[in-house]
Amino acid sequence: MTERNNREVGSCIIIDNKDRVLVLLRGATDPWKPGWWDLPGGHLDGNETPIEGAIREASEECGLTVRNLQKIATKPMGRIVKYFFATRDYDGSVRLEPNPETGVVEHDEFKWMSIEELSDIRDSIVPLSVVRRALSLV
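Residues numbered from 1 in each chain as written. Predicted model: local features only at pLDDT ≥ 70, side-chain atom pairs only at ≥ 80, totals over all residues. Heavy atoms only, no water.

**Here's the deal with the sheet that holds strand S9 (residues 107–113)**
Inference 1: Pairing is antiparallel in the open sheet, where three strands are placed in the order S3-S2-S9. Edge positions in the sheet fall to strand S3 (37–38) and S9, since each of these pairs with one other strand and no more.
Inference 2: Sheet analysis places strand S2 (residues 21–26) next to S9, joined by six bridges and oriented antiparallel. Bridging across to S9, Leu-24 finds its partner in Phe-110. (Pairing = 2+ DSSP bridges. Helix = DSSP H or I, 4+ residues; strand = E, 2+ residues; numbered from the N terminus.)

**Observations regarding the pattern of salt bridges**
Inference 1: Here the structure, examined in full by the defined rule, presents 14 salt bridges.
Inference 2: Arg-20 is the partner of Asp-16 in a salt bridge, and the nearest nitrogen-oxygen pair spans 2.7 Å.
Inference 3: Within this structure, Asp-45, Glu-48, Arg-56, Glu-57 and Glu-60 form a network of salt bridges that share partners. (Salt bridge = Lys/Arg side-chain N within 4 Å of Asp/Glu carboxyl O.)

**Things to note about the pairing of strand S6 (residues 70–77)**
Inference 1: Sheet topology note: the S6/strand S7 (residues 80–87) ladder contains seven bridges and is antiparallel. Pairing of Met-77 across the sheet is with Ile-80, part of S7.
Inference 2: Between S6 and S7, which follow one another and run antiparallel, lie two residues, and Gly-78 among them has a positive phi close to 65°.

**Considerations on the environment of Ala-73**
Inference 1: Inspection of the secondary structure puts Ala-73 in strand S6.
Inference 2: Discounting chain neighbours no more than four positions away, the residues touching Ala-73 are Lys-82, Tyr-83, Phe-84 and Val-130. (Contact = heavy atoms within 4.5 Å.)

**Section: the side chain of Glu-8**
Inference 1: When you line up the elements, Glu-8 lands in strand S1 (residues 8–14).
Inference 2: Glu-8 gets classed as buried once you look at its relative accessible area, which sits at 10%.
Inference 3: In terms of polar contacts, Glu-8 uses its side chain to reach the side chain of Tyr-83, at 2.8 Å.
Inference 4: The contact partners of Glu-8, leaving out residues within four places of it in the chain, are Gly-42, His-43, Leu-44, Val-81 and Tyr-83. (Buried < 20%, exposed > 50% of the residue type's maximum accessible area, 1.4 Å probe, protein only. Polar contact = N/O pair within 3.5 Å; in protein donor to acceptor, adjacent residues only side chain to side chain.)

**Side note on the nonpolar core**
Inference 1: Counting 18 residues, the largest nonpolar core has Ile-13, Val-21, Val-23, Leu-39, Leu-118 and Val-131 as the members making the most contacts within it.
Inference 2: Mapped onto this core, the elements with two or more residues apiece are S2, S6, S7, helix H3 (115–119) and helix H4 (128–137).
Inference 3: Among residues more than four places away in sequence, those in contact with Val-23 are Trp-37, Asp-38, Leu-39, Glu-109, Phe-110, Lys-111, Met-113, Leu-118 and Val-126.
Inference 4: Listed in part, the 14 residues of the second largest apolar core include Leu-22, Leu-24, Phe-85 and Trp-112. (Core = buried A, V, L, I, M, F, W, Y, C linked by side-chain atoms within 4.5 Å.)

Just distances and angles here, no functional claims.
Right, here's the structure in full:
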């Protein structure tokens, strides 16, 4: 991971046919925000573009193949910049499997949630304004 990519994150808002968004519960041993709900995503690898990173992370973190991603937002968040992409075009079933590099399962649980359900979660780092925008655009 290059220094540039260590500060950049690609996140994927995956929307099902009921307008629910896939969220993942960060593992209890995660060094950052353990036990918090988040979108599939992570730091970019090598010379990856943000959209390539979001596609790879969706595959690694939840086993879904995503396509036709639309850029929704770019948000500076502390020392990192997060790029948010959204899609309704995906294949596969959600699977929480070990990270291919570390062998660690990064998430303890997953849920498909409506924007109303997301709004009610206290321990969440999912940006609701970005999800609302995704739901209206994709």
